[in-house]
Amino acid sequence: MKKQSQKISTSLGLISLVIFLILTYGVVLHKEWINSFDNYFGHMVRDLANPSLTSFMIHFTKLGNFESLLGFTVGAGLVLFLVRKIKAALFLLINGVVLAAPIDSLVKHFINRPRPTLTHLVSVHSSSFPSGHSMSIMVIAGSLLLLANRILKNNTQKLIVDLLLIILILGIGISRIYVGVHFASDVLGGWTLGLVTLTVSQWAFNQFAGGIS
């Protein structure tokens, strides 16, 4: 069962890497299919706009801000330390604090994609690809998802936690398109780079620390 889980994780990581590289290729070379992809999904998301949803999205997207995620990650890490899940705490803290933001910033620096020219409903200060909010929430919520499925014993609890974390990952990414600060390819790029980071981190913990929990 453990070997099968590792194979699934590795396969997902490799698929994510391929998708991320394809997206990067399209963004850097300004391919028309990237524009078509962004326009299609951008219109799909923004066509849902109404005053109530806009107010919600402006507040919801802030859950993915660096300060919010840092506080949440450190708090969750401390809880794991207190219940003596030391490796789980380190896995979460390394992924959420040491890896996610620096990797995203490095990739942003080299690709340097301009933000959408739409009205920005929230303040942004960096380049566009990949979405840092999408990558960070994938790394942090993905770490918690992996840990929950190892630590929790009750299947119902696992299902509830999994659904909440998946909704959070999808919601934060979609909110970045809605508020006009990212293209759809930025969000998909953030998700896939996050999955690659998570896969490599999990592999390293399995190889050198005997697992993540």
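Residues numbered from 1 in each chain as written. Predicted model: local features only at pLDDT ≥ 70, side-chain atom pairs only at ≥ 80, totals over all residues. Heavy atoms only, no water.

Asks: Even after reading the chapter, I still don't get a nonpolar patch on the surface, so can you show me in this structure?
Replies: Together, Phe-66, Leu-70, Val-74, Leu-78, Phe-81, Ile-86, Leu-90, Ile-94, Val-97 and Val-98 make up an exposed nonpolar region whose accessible area comes to about 780 Å². Looking at the nonpolar patch, the elements that each hand over two or more residues are helix H4 (66-82) and helix H5 (86-111). Summarising the element assignment, Leu-90 is placed in helix H5. (Patch = residues over 30% accessible without salt bridge, like charges linked within 9 Å, V, L, I, M, F, W, Y side chains within 5 Å. Areas by Shrake-Rupley, 256 points an atom, 1.4 Å probe, with all protein chains shown as cover. Salt bridge = Lys/Arg side-chain N within 4 Å of Asp/Glu carboxyl O. Helix = DSSP H or I, 4+ residues; strand = E, 2+ residues; numbered from the N terminus.)

Asks: Honestly, the packing of aromatic side chains in this entry has me stumped. Any pointers?
Replies: By convention here, two paired aromatic rings are described through the distance between centres and the angle between planes. The final tally for this structure, using the stated rule, is six aromatic pairs. With 5.2 Å between their ring centres and 85° between their planes, Phe-91 and Phe-205 make a pair best called edge-to-face. A residue pair is termed long-range when its members are at least 10 positions apart, and Phe-91 in helix H5 and Phe-205 in helix H8 (residues 184-208) qualify at 114 residues. Summarising the burial analysis for this pair, Phe-91 and Phe-205 share the class buried. These aromatic residues form a ring-pair network of at least three members: Phe-37, Tyr-40 and Phe-41. (Phe/Tyr/Trp six-rings, centres within 6.5 Å; stacked < 30°, edge-to-face > 60°. Buried < 20%, exposed > 50% of the residue type's maximum accessible area, 1.4 Å probe, protein only.)

Asks: What am I meant to see in the pattern of salt bridges here?
Replies: Evaluated as defined, the whole model comprises two salt bridges. Among the ionic pairs, Arg-113 bridges to Asp-38, the shortest N-O distance being 2.9 Å. One end of the pair, Arg-113, is in the loop between H5 and helix H6 (132-151); the other, Asp-38, is in helix H2 (residues 32-46), with 75 residues separating them in the sequence. With respect to burial, Arg-113 and Asp-38 carry one shared label: buried. Connected through shared salt-bridge partners, Asp-38, Arg-113 and Asp-186 make up one network.

Asks: How should I be thinking about the packing of H4 against H5 in this particular structure?
Replies: Pairs of packed helices are described in terms of their axes, by the angle between the two and the distance that separates them. H5 packs onto H4 with a crossing angle of 165° between their chain directions and a minimal axis gap of 7 Å. By the angle between their axes, H4 is roughly antiparallel relative to H5. Here H4 runs over H5; the crossing is left-handed. The residues of H5 that touch H4, namely those facing Phe-66, Leu-70, Thr-73, Val-74, Ala-76, Gly-77, Leu-80 and Phe-81, are Ile-86, Ala-88, Ala-89, Leu-90, Leu-92, Leu-93, Gly-96, Val-97 and Ala-101. (Axes fitted to C-alpha atoms, helices over the stretch in contact; angles between N-to-C directions. Parallel < 35°, antiparallel > 145°, perpendicular 65-115°, else oblique. Left-handed = near helix turned anticlockwise from the far one by under 90°. Contact = heavy atoms within 4.5 Å.)

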